Amino acid sequence: MERQIYECDVLVVGSGAGGLSSAVSAAHRGLKALVVEKEPVFGGTTARSGGWMWVPNNAPGKRAGVEDSLEKARTYLRHEAGEHYDAPRVEAFLEAGPKAVEFFEKETSLQFDLGPTFADYHPDAPGGLDGGRSIVARPFDGSNLGKEIKRLRPPLAEITFLGMMIGTGKELLHFFNVTRSPISAFYVGKLFLKFLRDMAFHGRPMRLMNGNALAARLAKSCIDKGVPIWTRAAVKELIRDDTGRVTGAMVQTAKGMVEVRAAKGVVMAAGGFPQDIARRAKLFDHAPSGNEHASPAPPGNTGDGLRLGQAIGASVDDSLPNAAAWVPISRPVRKDGTLGTFPHFVDRSKPGVIAVTRSGRRFCNESDSYHDFGQSMVARCREEGGEICSYFVVDHRTLRKYGLGYVKPYPVPYKQHIQNGYLLKGDTLRDLASGIGADPEMFEKTVTEFNVHARKGEDPEFHKGSTSYNRSLGDPEHKPNPCVGPIENGPFYAVKLVMGDLGTFAGLKCNEYAQVLDNESKPIDGLYAAGNDAASIMGGNYPGGGITLGPAITFGYIAARHMSGANG
């Protein structure tokens, strides 16, 4: 059988934000691009994500009057990355990020909304801001994708409500207040009716939010530019010419093996390695077998980009102090008995919520970033010995007002979560301590001492609610501290937490042009990386909401710019 050949200028491996932004940026510059995705759906981890993009000096922020500067952003990133600060790549990101945002706004279907109160995660650090650097894709009507909506990866089921996507900020507050405010009840009711109509006519929600909207808008932009997106198309090996230049790849499709020839280059954007058990075992200290970790990433994110690069001499940077972006994960039980993955973003900051290890002690400011929370959890559990896990603890009033993890607030039923073991219950604090395997005396002492100060809105031990980021996810109607309230009205409840990730930081070494480097730190001609296939520029830290997707769309833009021979 004669080998099939497909010719293009740019081959993009992976269909998340990094890949799709590379493809549409290349197409805009007159290059013929092709996106290949090994899974049956496109959108990658992006389609499952919160969809925020961290880009300093972005246009939506400037329009809203945010006072940011190149120097402030540089100072902040230098502080956050410490000794792992990569000056050339950071400068490239800071220079190109605003240009990329402007390009996508003017030339594509990707439109942005600003998170004006979405603070940097360490806003009090040098160069940090109380808001304005995080942007999110504007909600999108999925019907604009036509029949291609069937190939868009759905959102992560555990962070939807019956499959309905819920926005952040004011929209989320409406859902929390649905039983207490007629305005909120009307707002939520209207959204729910549209959701039911969409399910009846389309079999899925058409009001796309957050990461699903980002993936859909980028895919629509590719489709409008004539960029094919092949699904069920796995790259088996990269092809090089006699000079060592990468000139394409062998791609296994449903119709057989295809030799894709890419005249300008190949972009690796396959989503990093969150589901690569072997590499997890090597790089995640808390997961010695690789299985002591739960990732909400799609099952296909198994490190293909890193392996394909290494096979031709590319170097992987695994020197960062954190190999991934950590997040506490709970494991709700699905109807078929399998375990889901629920990343805890918002509930950590609510009043009346604390986290303890099995010693019965708190270990951090729960409303600090999920990455900081994860590091603190691992450090305390190592100190104490035993399983690396912790528990969120609430009382009955807090559970019904805010929910906890996969347990939704009143009036949604919750007792099935007790029956399947996801939600642990104790009539008294000592009963709950027994359920979670904690020292009962220490646990009771922890909660009792916390309550003394919490009744006044204070947390002298860990200062919960002390930063603008803490407060942005608290309850603004709870005074005096939107993040601190007592735990005193039994029965009491807990949810177990294990370590998870929101994407990997270790990745292919790259330069400021998104070119992949070899073991001698020299560019491999024709090979680029964007998204989580490229080593993070954040130095193993997590400075703000969207520090994976912001660089992903920016370095996708940079890669296309470099392949086209342009400078701006």
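Reading the values: the criteria
- Residues numbered from 1 in each chain as written.
- Predicted model: local features only at pLDDT ≥ 70, side-chain atom pairs only at ≥ 80, totals over all residues.
- Heavy atoms only, no water.
- Helix = DSSP H or I, 4+ residues; strand = E, 2+ residues; numbered from the N terminus.
- Rg over C-alpha atoms; globule rule 2.2 N^0.38 Å.
- Buried < 20%, exposed > 50% of the residue type's maximum accessible area, 1.4 Å probe, protein only.
- Contact = heavy atoms within 4.5 Å.
- Areas by Shrake-Rupley, 256 points an atom, 1.4 Å probe, with all protein chains shown as cover.
- Lys, Arg positive; Asp, Glu negative; His and termini not counted.
- Charge placed at Lys NZ, Arg CZ, Asp CG, Glu CD.
- Pairing = 2+ DSSP bridges.
- Axes fitted to C-alpha atoms, helices over the stretch in contact; angles between N-to-C directions.
- Parallel < 35°, antiparallel > 145°, perpendicular 65-115°, else oblique.
- Left-handed = near helix turned anticlockwise from the far one by under 90°.
- Nonpolar A, V, L, I, M, F, W, Y, C, P; charged D, E, K, R; others polar.
- Expected span 1.5 Å × (residues − 1).
- Salt bridge = Lys/Arg side-chain N within 4 Å of Asp/Glu carboxyl O.

Q: Please explain the overall build of the chain as it appears in this structure.
A: Across its full length, the chain holds 16 helices and 21 strands. Here the C-alpha radius of gyration of the chain, 23 Å, is about what a compact globule of 568 residues would show, namely 24 Å. Seen through its principal axes, the chain has C-alpha atoms that stretch 70 × 50 × 50 Å. Within the chain, the fraction of its 568 residues that count as buried is 61%. Intrachain contacts of the chain at a sequence separation of at least 6 include 72% that bridge at least 24 residues. Total accessible area on the chain stands at roughly 22,000 Å², and carbon and sulfur atoms take up 52% of it. Put simply, the chain has 67 plus and 63 minus side-chain charges, and the middle of one group is 6 Å from the middle of the other.

Q: Would you explain the sheet that holds strand β5 (residues 134-137) in this entry?
A: The strands that make up a sheet are held in pairs by hydrogen bonds between backbone atoms, and each pair lies either parallel or antiparallel. With antiparallel pairing, three strands are arranged side by side in an open sheet as β3-β5-β4. Both edges of this open sheet fall to β3 (52-54) and β4 (112-114), since each of them pairs with a single strand only. Sheet twist, expressed as the average angle between the axes of neighbouring strands with direction ignored, equals 35°. Where β4 meets β5, three bridges bridge the pair, whose relative direction is antiparallel. In the sheet register, Leu 114 faces β5, and the bridge partner there is Ile 135. Lying over the sheet, helix α16 (residues 549-563) contacts β3 and β4, oriented at roughly 70° with respect to β3.

Q: Just to check I follow, could you spell out the pairing of strand β18 (residues 492-504) for this structure?
A: A regular strand places its side chains on the two faces of the sheet in alternate fashion. For β18, the buried fraction is high: eleven of the 13 residues fall into the buried class. Two strands pair when backbone bridges link them, and strand β13 (residues 324-330) and β18 are joined in this way by five bridges, in the antiparallel orientation. Within β18, the residue paired with Ile 329 across the bridge is Val 498. Note: strand β16 (residues 390-395) against β18, six bridges, orientation antiparallel.

Q: Help me understand the packing of helix α1 (residues 17-28) against helix α7 (residues 210-224), please; the structure alone is not making it clear to me.
A: Two measures define how a pair of helices packs: the angle their axes make with one another and the distance between the axes. Running from amino to carboxyl end, α1 crosses α7 at an angle of 25°, the nearest separation of the two axes being 9 Å. Comparing the axis directions of α1 and α7 gives the class roughly parallel. You can see that α1 and α7 cross each other, and the crossing is left-handed. From α1, Ala 17, Leu 20, Ser 21, Ala 23 and Val 24 reach across to α7, where they touch Leu 214, Ala 215, Leu 218, Ala 219, Ser 221 and Cys 222. Taken together, the residues of the contact of α1 with α7 break down into nine nonpolar, two polar and no charged.

Q: I keep staring at α1 and nothing clicks. Help me out?
A: Structurally, the α-helix is built with 3.6 residues per turn, so residues lying three or four positions apart point the same way. For α1, with twelve residues, the first-to-last C-alpha span of 16 Å sits near the 16 Å given by 1.5 Å per residue. Of all twelve residues making up α1, eleven are buried, and the element is well covered by its neighbours. Within the sequence span of α1, burial applies to Ala 17, Gly 18, Gly 19, Leu 20, Ser 21, Ser 22, Ala 23, Val 24, Ser 25, Ala 26 and Ala 27. Positive phi shows up at Gly 30, right after α1, with a value of about 85°.

Q: Help me out: how do you make sense of unusual backbone geometry in this one?
A: Most of the time, phi is negative for any residue but glycine, and the peptide bond is trans. In the segment running from Tyr 410 into Pro 411, the intervening peptide bond is cis, with an omega of 10°. Position of Pro 411 relative to the elements: it lies in the loop between α11 (396-402) and α12 (415-419). Looking along the chain, the bond that leaves Gly 490 and enters Pro 491 is cis, with omega of 5°. Its location among the elements puts Pro 491 in the loop between α15 (468-472) and β18. Despite not being glycine, Asn 210 has its phi angle at roughly 50°, a positive value. In this structure, Asn 210 sits in helix α7. Here Asn 210 falls in the buried class, since its relative accessible area comes to 14%.

Q: For this particular structure, what's the right way to read the side chain of Ser 536?
A: Mapped onto the secondary structure, Ser 536 falls in the loop between β21 (523-529) and α16. Assessed through its relative accessible area of 16%, Ser 536 is described here as buried. Every residue in contact with Ser 536, bar those within four places of it in the chain, is listed here: Arg 89, Leu 320 and Phe 505.

Q: Can you help me understand α16 in this one?
A: The first and last C-alpha atoms of α16 sit 21 Å apart over 15 residues, in line with the 21 Å expected at 1.5 Å per residue. The buried fraction of α16 amounts to 14 of the 15 residues, a majority that puts the element mostly inside the structure. Looking at the residues trailing α16, positive phi occurs at Gly 565, about 80°.

Q: How do you make sense of the pattern of salt bridges when you look at a structure like this?
A: Per the stated rule, a full pass over the model turns up 32 salt bridges. Between Arg 74 and Glu 91 there is a salt bridge; the shortest N-O distance is 2.5 Å. Residue Arg 74 is located in helix α3 (residues 70-81), and its partner Glu 91 is located in helix α4 (residues 87-107); the two are separated by 17 residues in the primary sequence. Here Arg 74 falls in the buried class, since its relative accessible area comes to 14%.

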